[in-house]
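Report on the structure
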Amino acid sequence: MKTLLLLRHAKSSWAEPSRVDHDRELNRRGEKAAPFMGRFLREHDLVPDLIWCSTAARAVQTLGLLGRDFAGHADVIYSEDLYMASERTLLECLHHTHDEAKRVMIIGHNPGIENFAKELYRDGDEDARAMMERKYPTCALAHFEFDVENWADSQFEAGRLMGFTKVKDLQAAKIGAD
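Here's a quick rundown of the structure. Note that the structure is a prediction, hence the values are computed from the model and not measured. (Residues numbered from 1 in each chain as written. Predicted model: local features only at pLDDT ≥ 70, side-chain atom pairs only at ≥ 80, totals over all residues. Heavy atoms only, no water.)

Another point: the state of the cysteines. For the structure on display, the rule yields zero disulfides. Cysteine C93 shares no disulfide, and the gap to the nearest cysteine sulfur, in C53, comes to 11 Å. C139 takes part in no disulfide bond, and the closest cysteine sulfur to it belongs to C53, at a distance of 12 Å. (Disulfide = S-S within 2.5 Å.)

Right, dumping it as structure tokens:
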């Protein structure tokens, strides 16, 4: 059994319109959101063994703000190919993942991450699927499981959606708990 976590980068800034898109950094909202997602992943025992991360500044920052567990525990592969990658490119990255990694995260961008998640879906949490299909906001996470031993065997329409988590919901639950 393999676990795949698809994380869209946190909210980025448009404060400098002349800045090249690849170099755009997170805005204040994004800087606050990523640690919430990191906490969620730790609390649900979903810290990955390996992370594929886009080289875009906002994706790298998102990874850095998830927490030190992620930098110290997981192997990280930074790939320029993930910047604005199509679902086919994302699947190819997954196929190149070493099989010792049981839990893999990809940090990327829309529309690729959203389309990839939709293409992977075979069955699973219908409510999560409906929520994911309505909108895949920044710093949202789709959690899939695959009944394979080798990442190269993962295919479209073969994933079981275990959940879809939005930071907005995590923040609302925290505020409600205080």
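Moving on to the nonpolar core. By size, the foremost hydrophobic cluster in this structure holds 31 residues, and its most contacted members are L4, L6, I106, F116, Y136, A142 and F144. Counting only elements with at least two residues in this core, the list comes to β1 (2-8), β2 (50-54), α4 (87-95), β4 (103-108), α5 (112-120), α6 (126-134), β6 (141-146) and β7 (159-165). Once residues lying within four places of it in the same chain are set aside, the contact partners of F144 are K2, T3, L4, L6, A117, L120, Y121, G159, R160, L161 and M162. Grouped together as the second largest cluster of nonpolar side chains are 22 residues, L41, L46, C53 and I107 included. (Core = buried A, V, L, I, M, F, W, Y, C linked by side-chain atoms within 4.5 Å. Buried < 20%, exposed > 50% of the residue type's maximum accessible area, 1.4 Å probe, protein only. Helix = DSSP H or I, 4+ residues; strand = E, 2+ residues; numbered from the N terminus. Contact = heavy atoms within 4.5 Å.)

Next up on the list: the packing of aromatic side chains. Evaluation of the coordinates by the stated rule reveals four aromatic pairs. Geometrically, the ring pair formed by F116 and F156 is edge-to-face, given 6.2 Å between the ring centres and 80 degrees between the ring planes. Linking F116 in helix α5 with F156 in the loop between β6 and β7, this pair joins segments that are 40 residues apart in sequence. Of the two residues, F116 and F156, both sit in the buried class. Members of the aromatic cluster, each reached through a chain of ring pairs, are F144, F146 and W151. Sitting over the ring of W14, R24 keeps its end group 3.6 Å from the ring centre. When the ring centre of F36 is taken as reference, the NZ or CZ atom of R39 above it lies at 5.2 Å. (Phe/Tyr/Trp six-rings, centres within 6.5 Å; stacked < 30°, edge-to-face > 60°. Lys NZ or Arg CZ within 6 Å of the ring centre and 35° of its normal.)

What follows is about the sheet that holds β1. Strand order in the open sheet made by the seven strands is β3-β2-β4-β1-β6-β7-β5, with mixed pairing throughout. Strands at the two margins of the open sheet, each flanked by one partner only, are β3 (75-79) and β5 (121-124). When the angles between neighbouring strand axes are averaged without regard to direction, this sheet yields 25 degrees. In the sheet, β6 pairs with β7 via five bridges, with the strands oriented antiparallel. By the bridge assignment for β7, L141 is matched with T165. Contacting β1, β4, β5, β6 and β7, α5 crosses the sheet at an angle of about 150 degrees to β1. (Pairing = 2+ DSSP bridges. Axes fitted to C-alpha atoms, helices over the stretch in contact; angles between N-to-C directions.)

One way to put it is that α4 packs onto α5 with a least axis distance of 8 Å and a crossing angle of 70 degrees. Between α4 and α5, the crossing angle belongs to the class labelled roughly perpendicular. Where α4 abuts α5, its residues E87, L90, L91 and L94 lie against G112, I113, N115, F116 and E119. Residues of the contact of α4 with α5, tallied by class, amount to five nonpolar, two polar and two charged. (Parallel < 35°, antiparallel > 145°, perpendicular 65-115°, else oblique. Nonpolar A, V, L, I, M, F, W, Y, C, P; charged D, E, K, R; others polar.)

Across its 16 residues, helix α1 (residues 28-43) extends 24 Å between first and last C-alpha, which sits within 8% of the 22 Å expected from 1.5 Å per residue. Buried residues of α1: G30, A33, A34, M37, G38, F40 and L41, and no others. For α1, the angular spread of buried residues about the axis comes to 160 degrees, placing them on one side. Away from its buried face, by an angle of more than 90 degrees, α1 presents the exposed residues R28, K32 and E43. Measuring from the backbone nitrogen of R29 back to the side-chain oxygen at the start of α1 gives 3.1 Å, which picks out N27 as the cap. Directly beyond the C-terminal end of α1, a positive phi value near 50 degrees is found at D45. (Expected span 1.5 Å × (residues − 1). Arc of directions from axis to C-beta. Polar contact = N/O pair within 3.5 Å; in protein donor to acceptor, adjacent residues only side chain to side chain.)

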